[in-house]
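Chain by chain, the residues run as shown.
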Amino acid sequence: MKIKSAPRIREMIITPIAITDPPLLNAAGLHAPYALRTIVELITDDNISGVSEIPGNTSINEALEEARQLIIGRSPIQLSSIGRELESYFGKETASARGETPWDQRKLVHIFSAIEVACLDIIGKITGLPVVDLLGGKMRDRVPFAAYLFYKYEGAGGELGFNIDRNATGWNAARQAKAIDPEGIVHQAKAMGKTFGFRSIKLKGGVFEPDQETAAVFALREAFGEHIPLRIDPNALWTVETSIQYGRKMEGIIEYLEDPTRGQKNMSIVRQALKTPLATNMCTTSFDDIPGSVAVGAEDIILSDHHFWGGLRASMELSKICSTFGRHLSMHSNSHLGISLAAMVHLGAALPHLPYDLDTHYPWQSDEVIKTGRFNFEDGAIAVPNEPGLGVELDRQALARLHQNYLQCGLTKRDDETEMQKVVPGWKFEAVRW
Ligand code: GKR
Ligand code: MG
């Protein structure tokens, strides 16, 4: 048999885009009218292209530009050595570089994920295999997601900002409606559930006092009954005492409590006091955090995210570590489009165990950058693409339009505190609030 020689990467195209995002509230403030993403396209010398999508900001984009010299001429198969070279060029990123915001502020992990996913897309196209097969093969045909509810101001985001499109109907209208109390949250959940068929519900907390947010959880329970699992995520804004007090109140009502409090030690104290499992995308977010997590018993569920755990293969390695140390693995998300969603679906399909429905912000987005348009959810799940690679193709017109949004919107990084100050002058993000 003749062994094929691997192609080389001849071009790397980095396109920052801005996608419409409604005024969602969280622990760090308010979402801007646009969320920034960056689309990376790698093209081989035999014209095979691979794509990926990561959270965007100018520092990530500049670093990607710098990384280009290390990527051009390399084989997409050489992912381990590309990873090592990126690390020796940029220097090792400490776990603390993640920062205190709900989202991860590291740079290198995102860059490596962008390169890795695009390379896996290429390898899939060369071999004729979907990415799920490169990760070990399909464990399921459909990947289930959860409804991800947000307190929010009225507004559609994007050009409309705090205004709404009065002709919108169904979820498109509900996505623009205000939700700042339990009734608003239940209304949002019903509209989202009707369109997407989700079977679990997550409420983004850390916005209002714990009493009010807990009341929303009870209202959801009342509206949906005991067969729809519920979760709440205050993004570490609660003290240990508050977490235990409200955790006990919601015992038996929620399937897990996500990042009630800050840091592995505090999480472990709360965990010992509650029967409800704890999940995190804030205190254990890198392999360097695993020894500390195991030493104190910080959480039961790690919400992995291939964008900041260093890619899809790293997330598969994480799943092994999780089962060794008695943790479950599920998935975290930020505002995103279909390239990220495709990668999440391939990973979700390959993970050996998937005990919880995964997070996704996708229903909050209305834009798309792939040719087939927006993904369809059936009963809350997405069917795993069977085509080679990620199974998605860039829509160049949409890419150009979303890039134009980026150039016009003037945003350079995610800054929810500044956005919130436009509505509530003087508002300050506090890492621990209640
Ligand atoms: O989009 O506002 C948001 C979320 O708060 C996001 O940034 C978090 O990273 O969804 C995330 C979470 O689960 O903490
Ligand atoms: Mg979270």
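In case you missed it, the structure is sitting above this.
About the criteria used
Residues numbered from 1 in each chain as written. Chains lettered and ligands numbered in written order. Predicted model: local features only at pLDDT ≥ 70, side-chain atom pairs only at ≥ 80, totals over all residues. Heavy atoms only, no water. Patch = residues over 30% accessible without salt bridge, like charges linked within 9 Å, V, L, I, M, F, W, Y side chains within 5 Å. Areas by Shrake-Rupley, 256 points an atom, 1.4 Å probe, with all protein chains shown as cover. Salt bridge = Lys/Arg side-chain N within 4 Å of Asp/Glu carboxyl O. Helix = DSSP H or I, 4+ residues; strand = E, 2+ residues; numbered from the N terminus. Donors = N, O, S within 2.8 Å, 3.2 Å for Na, K, Ca; no water. Buried < 20%, exposed > 50% of the residue type's maximum accessible area, 1.4 Å probe, protein only. Near = heavy atom within 4 Å. Polar contact = N/O pair within 3.5 Å; in protein donor to acceptor, adjacent residues only side chain to side chain. Nonpolar A, V, L, I, M, F, W, Y, C, P; charged D, E, K, R; others polar. Domains from an automatic or database assignment. Pairing = 2+ DSSP bridges. Axes fitted to C-alpha atoms, helices over the stretch in contact; angles between N-to-C directions.

*Asks:* Help me understand a nonpolar patch on the surface, please; the structure alone is not making it clear to me.
*Replies:* A cluster of nonpolar side chains, Phe162, Val423 and Val424, forms an exposed patch at the surface whose accessible area comes to about 220 Å². Residue position: Val423 is located in helix α14 (residues 416-423).

*Asks:* Please clarify how the coordination of the magnesium ion (ligand 2) should be interpreted in this entry.
*Replies:* Metal coordination angles have textbook ideals: 109.5 degrees for a tetrahedral set of four donors and 90 or 180 degrees for an octahedral set of six. In this structure, Asp233 (OD), Glu258 (OE) and Asn281 (OD1) serve as the protein donors to the magnesium ion (ligand 2), at separations of 2.0 to 2.2 Å. Donor residues for the magnesium ion (ligand 2) sit on one chain with the sequence pattern D-x24-E-x22-N. Linking Glu258 in strand β10 (residues 256-258) with Asn281 in the loop between β11 (278-280) and α10 (290-296), this pair joins segments that are 23 residues apart in sequence. Here the two residues Glu258 and Asn281 agree in accessibility, since each one is buried.

*Asks:* Please explain the site of ligand 1 as it appears in this structure.
*Replies:* Taken together, 17 residues surround ligand 1, and among them Asn26, His31, Tyr148, Asn334 and His361 come closest. Within the side chain of Asp233, one N or O atom sits 3.0 Å away from an oxygen atom of ligand 1. A distance of 2.8 Å separates an oxygen atom of ligand 1 from a polar atom in the side chain of His332. Relative to its unbound accessible surface of 340 Å², ligand 1 loses 100% to contact with the protein. Secondary structure elements with two or more residues in the shell around ligand 1: β7 (147-150) and β8 (201-204). Grouping the amino acids of the shell around ligand 1 by side-chain chemistry returns four nonpolar, eight polar and five charged. Both of domain 1 (9-130 + 396-407) and domain 2 (134-383) provide at least three residues apiece to the shell around ligand 1.

*Asks:* Got a minute to help me understand the sheet that holds β11 in this structure?
*Replies:* Whenever strands of a sheet pair, they do so through backbone hydrogen bonds, lying parallel or antiparallel. Strands sit in the order β7-β8-β9-β10-β11-β12-β13 across an open sheet of seven strands; the sheet is parallel. This sheet does not close on itself; its edge strands, each paired only once, are β7 and β13 (328-331). With strand direction ignored, the average angle separating the axes of adjacent strands in the sheet is 25°. When β8 meets strand β9 (residues 230-233), the two strands line up parallel, connected through four bridges. Bridge pairing in β9 places Lys202 opposite Arg231.

Purely geometric stuff here, so don't read any function into it on its own.
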